[in-house]
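This is what each chain is made of:
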Amino acid sequence: MDVRVFDGKAAASKAAFNVIKDAMGNGIQTLGLATGSSPVDLYNDMTSSDLDFSKMTSVNLDEYVGLDTKNDQSYHYFMNEHLFSKKPFKQSFVPDGQAADIEQAAKDYDQIIEEHPIDIQLLGIGRNGHIGFNEPGTPFDEGTHKVTLTQSTIDANARFFEHEEDVPRYAISMGIGSIMKSKQIILLAFGEDKADAIKATVEGPVTEDVPASVLQNHDNVIVFVDEAAASKLSK
């Protein structure tokens, strides 16, 4: 695991962008994308660049179950606002959170991943070490699946919704097994509140109690962190 520490989020994001830019120059076809605050600066670097993504495919990590794609809290909406409306891809896949059969939609999504192998997968990380919506205890071989959101996740998301009852209780998420099939993984983490998770991910035991720790078993992972997120690393 290659850990790179920067003096701020902007510098780290720019460095991650340069890895993607170089990889595109070497002919990669598919990017795995993430939502949340961690990749926003990276997406800004992508949209302000002269890179052409029109021949690229994107595959997103996750989506809430039940939210309309035009809902401003859906991940479809997020990706369109931050990236796709400014830099269209040839084709962009986001899990179908409105499918009548979510379990079948999950199986279909793993088939999409098989048909479009991910060259570089972007990840953020939760304070408890979750990646995607894969919370502690998720089996490492799990494929794309329906997730029952933890109460702490529901509580954290409540601030984004006008009414508590509108907060999604379920999501559809690429599984850890799906993520680990990616040829390269870029993990972004910023801020002191991610320091414990980064230490456990990089230096702790590989355990389902810390989902991101499985990345130690992948042979091509770059971790981009600011000094605050790296503050508890011993080396």
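Residues numbered from 1 in each chain as written. Predicted model: local features only at pLDDT ≥ 70, side-chain atom pairs only at ≥ 80, totals over all residues. Heavy atoms only, no water.

Participant: Teacher, can you tell me more about the side chain of Ser-74 here?
Facilitator: Within the secondary structure, Ser-74 sits in the loop between β4 (62-64) and α3 (75-84). With relative accessibility at 1%, the residue Ser-74 sits in the buried group. Sequence-distant contacts of Ser-74, that is, excluding residues within four places in its chain, are made with Glu-63, Leu-67, Asp-68 and Thr-69. (Helix = DSSP H or I, 4+ residues; strand = E, 2+ residues; numbered from the N terminus. Buried < 20%, exposed > 50% of the residue type's maximum accessible area, 1.4 Å probe, protein only. Contact = heavy atoms within 4.5 Å.)

Participant: Honestly, the pattern of salt bridges in this entry has me stumped. Any pointers?
Facilitator: Applying the stated criterion across every chain, the model contains 7 salt bridges. Note that Lys-14 and Asp-45 form a salt bridge whose closest N and O atoms lie 3.5 Å from each other. Placement of Lys-14 in helix α1 (residues 9-25) and of Asp-45 in helix α2 (residues 40-47) is noted, with a sequence separation of 31 residues between them. Note on Lys-14: relative accessible area 38%, which makes it partly exposed. One salt bridge in this structure joins Asp-196 and Lys-232, with 2.8 Å as the shortest N-O distance. Residue Asp-196 is found in helix α7 (residues 195-203), and its partner Lys-232 is found in the segment after β10 (221-226); the two are separated by 36 residues along the sequence. Note on Asp-196: relative accessible area 48%, which makes it partly exposed. For Lys-232, a relative accessible area of 40% corresponds to the partly exposed category. (Salt bridge = Lys/Arg side-chain N within 4 Å of Asp/Glu carboxyl O.)

Participant: I would appreciate a short explanation of the packing of aromatic side chains in the present structure.
Facilitator: For any pair of aromatic rings, geometry is given as the distance between the ring centres together with the angle between the planes. The final tally for this structure, using the stated rule, is 6 aromatic pairs. Pairing Tyr-64 with Phe-133 gives two aromatic rings, centres 5.7 Å apart and planes at 50°, and the pair type is tilted. Placement of the pair is Tyr-64 in strand β4 and Phe-133 in the loop between β6 (120-123) and β7 (145-148), with a sequence separation of 69 residues. Under the relative-accessibility criterion, Tyr-64 is labelled buried at 5%. The buried category is assigned to Phe-133, whose relative accessible area is 7%. Aromatic rings pair up to connect Phe-53, Phe-84 and Phe-89 into one cluster. In this structure, Lys-146 packs its charged tip against the face of Tyr-170, placed 4.4 Å from the ring centre. (Phe/Tyr/Trp six-rings, centres within 6.5 Å; stacked < 30°, edge-to-face > 60°. Lys NZ or Arg CZ within 6 Å of the ring centre and 35° of its normal.)

Participant: Sorry, what's going on with the pairing of strand β3 (residues 57-60) here?
Facilitator: Every other side chain in a regular strand lies on the same face of the sheet, so the side chains alternate between the two faces. Where burial is concerned, the two faces of β3 agree: the one with Thr-57 and Val-59 and the one with Ser-58 and Asn-60 are both buried. Across 4 bridges, strand β2 (residues 30-33) lies against β3 in parallel orientation. Following the sheet pairing, Leu-31 is matched in β3 by Ser-58. Handedness of the β-α-β unit built from β2, α2 and β3 comes out right-handed. The pairing of β3 with strand β5 (residues 91-93) spans 3 bridges and is classified as parallel. Its bridge partner being in β5, Thr-57 is matched across the sheet by Gln-91. (Pairing = 2+ DSSP bridges. Right-handed = clockwise from strand over helix to strand, strands pointing away.)

Participant: What is the right way to read the sheet that holds β4 from this model?
Facilitator: Each strand in a sheet pairs with its neighbour through backbone hydrogen bonds, running either in the same direction (parallel) or in the opposite one (antiparallel). Read from one edge of the open sheet, 3 strands run β4-β8-β7, paired in antiparallel fashion. Of all strands in the sheet, those bounded by a partner on one side alone are β4 and β7. Neighbour-to-neighbour, the strand axes of the sheet open up by a mean angle of 25°, direction not taken into account. When β4 meets strand β8 (residues 170-173), the two strands line up antiparallel, connected through 3 bridges. The residue bridging Glu-63 from the neighbouring strand is Ile-172, located in β8. (Axes fitted to C-alpha atoms, helices over the stretch in contact; angles between N-to-C directions.)

Participant: Looking at this structure, how should I read the pairing of β6?
Facilitator: The alternating pattern of β6 places Ile-120 and Leu-122 on one face and Gln-121 and Leu-123 on the opposite face, and all of these are buried. Bridge count between β2 and β6: 2 bridges; the pairing is parallel. The residue of β6 that forms the bridge with Leu-31 is Ile-120. Direction of pairing for β6 relative to strand β9 (residues 184-189): parallel, over a ladder of 4 bridges. Across the sheet, Gln-121 pairs through a bridge with Ile-185, a residue of β9.

Participant: Explain the environment of Phe-17 to me, please; I cannot follow it from the model alone.
Facilitator: In this fold, Phe-17 is placed in helix α1. Among the residues examined, Phe-17 registers a relative accessible area of 6% and is labelled buried. Counting along the chain gives 113 residues from Phe-17 to His-130, while the straight-line C-alpha distance between them is 23 Å.

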